[in-house]
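Residues per chain, in single letters:
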Amino acid sequence: MLCAAFVCMLPILGPVLLADELSLSFKVELIQGLLENDDAGEYYEESFYKPIWTGPNKASVLRRSALIEALKNADVHALPRENYHLKTILGMVESAKTHADLGALEAKLTKSFLLYAKQVHSGLVRPSKIDDAIARKISYVPTRDFLDGLVAGDPVRFIKSLPPQSEEYHRLLRARQDLLRIQEHGGWGPLVPLGKYRLGDSGLQIIQLRDRLVSKGYLKRSMSVEFDQEMLSAVIQFQSDHGLALDGIAGVSTISEINRSIIERLKSVTVAIERERWQNKGHLGVSELAPRKILVNLTDFTAKIIDDGKITFQTRSVVGADEDDRRSPEFSDVMEHMVINPTWYVPRSITVNEYLPELQADPTAHNYLTLFSPVDGITIPREEVDFTVFDEDTFPFEMKQAPSTSNALGLVKFMFPNRHNIYLHDTPHKNLFMKEERTFSHGCIRLQDPFEFAYELLALQSADPILDFQSILQTGKETTVVLHQPVPVHIIYRTAVSTEGGRMGYRRDIYGRDAMIFVALSEAGVVIRQNQG
């Protein structure tokens, strides 16, 4: 109804608005209205100020109808409708009486369209302004491409093509609407008292746990007061969806996640929607699917190989500790090769901040590490060095560890050269993969099943990837194996993720980044309705 009213209200002042007949007033108001947008101003200048929105032709009617419908439903994409001044636009339409009024309206519509197009396509906020570790390069679409695309074809189809077209984005939009509906109907019910509930237990707390699982869709409603087999299956499924230990026991960790409020989940989904926009393509109409990619979700502690949109391999991971200079960054790059039997060149920060103080106390500490000159690579005998005369700024040497089963990188590393010096690798510390929250590294990503990961990567270029890999491994010599088809790597941070079963799963905000992003989104106008539950 709103769009129909808008079309009907738009006044047609005289004949078709051509440049030589428009009088100066339309152009003056249009130029004035676009003073802050040079690209849009140039676009109109080159088209001799031909109106996109306010002409009396059918194309203009379709464009403004499509835009108004999009602005009216901007909140479906977790965007603040107030950003796009819909009420102001409708007021200007109702009061327009002159060519000057139409010029001002044309400018207002163009600015609202461009702002909406940019934000629904690439996001409301810039990640680099939130946290340097969110090193996500956003591919912004030029103003001209937005306007050309709008004018060239079906405006409804074009505007609908602006948001990310990925399945994950659409699942997140549906999840947000589902959460809002649940919120309007009172939430998920009473919280479950913290405790440790297991198969065979009964009582009031079990009833409360059952009710909460029912409201979240993990159990069918029943009158049972026992922790039975059905509840056990539901708890395990919930744990799986939320990255928890799959022990079937509703302990403190599991109950804490079951008790999370709808508002917390809405924030998580809203941030995930924004993050998905950050990864949108910089050219309109480009497919989101790549034949093969590697996806590392830091909050999920997993690394996946995805082929044609389907997970073909998955392994547990260990990520950077939640400490300054150790948190794993978020970025995308391309894996080019793997190194079997790698040498570990100790990062400078670890050498001077961790090892140097220990060497000053005991020169024989960490005797598995070799001291060498960074200038010519010559090995430096430790007995020739007085470590006490150096500090972190003056220490002139580097350290490395030769290939071995005890090497800090394990027996293989996977390289995608980047300025962060981050890569995926094996580790001798296998016990860490059994922990629920795995934040222990200095920033790189450790893999639980690195050999199997390598086999999967080599399968595209080897008739017998296991034999080829193991043959090199048995030599004990550092060997680089180039990937014939380099693979895109995306290190992401998502606390709201869809599961293979179509449900939403959630993860902890391990570095507090999502909280910072939501603050920035709130400052940009995003509002989530508050409720209990």
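Coordinates for the structure precede this section.
Residues numbered from 1 in each chain as written. Predicted model: local features only at pLDDT ≥ 70, side-chain atom pairs only at ≥ 80, totals over all residues. Heavy atoms only, no water.

(A) Representation of the overall build of the chain. A count of helical and extended segments in the chain gives 17 helices and 14 strands. Once the C-alpha set of the chain is aligned to its principal axes, its extents read approximately 95 × 70 × 50 Å. Taken across its 533 residues, the chain has 49% of its residues classed as buried. Within the chain, residue pairs in contact and separated by at least 24 positions form 68% of the contacts whose partners lie at least 6 positions apart. (Helix = DSSP H or I, 4+ residues; strand = E, 2+ residues; numbered from the N terminus. Buried < 20%, exposed > 50% of the residue type's maximum accessible area, 1.4 Å probe, protein only. Contact = heavy atoms within 4.5 Å.)

(B) Layout of the pattern of salt bridges. Enumeration over the complete set of coordinates arrives at 27 salt bridges. A salt bridge links Arg508 to Glu257, with the shortest nitrogen-to-oxygen separation between them at 3.9 Å. Of this pair, Arg508 sits in the loop between strand 14 (504-506) and helix 17 (513-523) while Glu257 sits in helix 12 (residues 252-258), and the two are 251 residues apart along the sequence. Taking the relative accessible area as the measure of exposure, Arg508 reaches 24% and is therefore partly exposed. Taking the shortest distance from any N to any O, the salt bridge between Glu330 and Arg275 comes out at 2.5 Å. Placement of the pair is Glu330 in the loop between strand 3 (310-320) and strand 4 (331-340) and Arg275 in helix 13 (residues 262-278), with a sequence separation of 55 residues. Judged by relative accessible area, which is 1%, Glu330 ranks as buried. (Salt bridge = Lys/Arg side-chain N within 4 Å of Asp/Glu carboxyl O.)

(C) Spatial organisation of helix 16 (residues 465-475). The complete set of buried residues in helix 16 reads Pro465, Phe469 and Leu473. For helix 16, the arc enclosing every buried residue in end-on projection is 55°, short of the 170-degree limit, so these residues lie on one face. If you follow the buried residues of helix 16, they end up packed against strand 4, strand 8 (412-415) and helix 15 (450-458). With its phi angle positive at about 75°, Gly476 sits one or two positions after the end of helix 16. (Arc of directions from axis to C-beta.)

(D) How the structure looks around unusual backbone geometry. Unlike most non-glycine residues, Phe48 shows phi in positive territory, near 60°. Tracing the backbone through its elements, the reader meets Phe48 in the loop between helix 3 (38-46) and helix 4 (58-72). Among the residues examined, Phe48 registers a relative accessible area of 63% and is labelled exposed. Of note, the phi angle at Asp325 is positive, near 70°, even though the residue is not glycine. Exposure remark for Asp325: the relative accessible area of 79% places this residue in the exposed category.

(E) Layout of the side chain of Thr299. Considering the arrangement of structural elements, one finds Thr299 in the loop between strand 1 (292-297) and strand 2 (302-307). In this structure Thr299 comes out as buried when scored by relative accessible area, which is 3%. Among the polar contacts listed, one links the side chain of Thr299 to the side chain of Asn297, at a separation of 3.2 Å. Within the structure, the side chain of Thr299 is placed 2.5 Å from the backbone oxygen of Arg494, a separation counted as a polar contact. Look past the residues within four positions of Thr299 in its chain and what remains in contact with it is Tyr493, Arg494, Thr495, Arg507, Arg508 and Ile510. (Polar contact = N/O pair within 3.5 Å; in protein donor to acceptor, adjacent residues only side chain to side chain.)

(F) Main features of the environment of His337. Within the secondary structure layout, His337 lies in strand 4. When its relative accessible area of 18% is taken as the criterion, His337 is described as buried. Linking His337 and Arg81, residues 256 residues apart in sequence, is a C-alpha distance of 46 Å. Leaving out residues up to four positions away in the same chain, His337 has contacts with Lys413, Phe414, Met415, Thr480, Val481, Val482 and Leu483.

(G) Region of the structure containing the nonpolar core. Trp53, Phe113, Tyr116 and Ile159 are the most contacted members of the largest nonpolar core, which has 67 residues in total. Top element by residues in this core is helix 6 (residues 99-122). It accounts for nine residues. When sequence neighbours within four positions are dropped, the list of residues in contact with Ile159 reads Ala66, Leu67, Ala70, Phe113, Tyr116 and Leu150. If you look at the next biggest cluster of nonpolar residues, it comprises 57 residues, including Val296, Phe331, Val385 and Tyr511. (Core = buried A, V, L, I, M, F, W, Y, C linked by side-chain atoms within 4.5 Å.)

(H) How the structure looks around the environment of Phe331. Considering the arrangement of structural elements, one finds Phe331 in strand 4. Residue classification places Phe331 among the buried residues on the basis of a relative accessible area of 3%. For the pair Phe331 and Leu473, spaced 142 residues apart in sequence, the C-alpha separation works out to 30 Å. The residues touching Phe331, leaving out its near neighbours within four places in the chain, are Ala135, Arg136, Phe416, Asn418, His420, Ile422, Val489, His490 and Ile491.

(I) Inspection of the packing of aromatic side chains at higher detail. On inspection of all chains with the given rule, the structure shows 15 aromatic pairs. Considering the side-chain rings of Tyr345 and Phe372, the 6.1 Å spacing of their centres and the 80° angle between planes classify their relative orientation as edge-to-face. Linking Tyr345 in strand 5 (residues 344-345) with Phe372 in strand 6 (residues 369-372), this pair joins segments that are 27 residues apart in sequence. Among the residues examined, Tyr345 registers a relative accessible area of 45% and is labelled partly exposed. When its relative accessible area of 10% is taken as the criterion, Phe372 is described as buried. (Phe/Tyr/Trp six-rings, centres within 6.5 Å; stacked < 30°, edge-to-face > 60°.)

(J) Main features of the sheet that holds strand 7 (residues 398-401). The three strands lie next to each other as 5-7-6, forming an open sheet whose pairing is antiparallel. This sheet does not close on itself; its edge strands, each paired only once, are strand 5 and strand 6. Bridge count for strand 5 against strand 7 is two bridges, and the pairing is antiparallel. Each bridged residue has a counterpart across the sheet, and for Tyr345 the counterpart in strand 7 is Lys400. Set on the sheet, helix 14 (residues 348-361) makes contact with strand 5, strand 6 and strand 7; between it and strand 7 the angle comes to about 90°. (Pairing = 2+ DSSP bridges. Axes fitted to C-alpha atoms, helices over the stretch in contact; angles between N-to-C directions.)

None of the figures reported here should be taken as evidence of function without further support.
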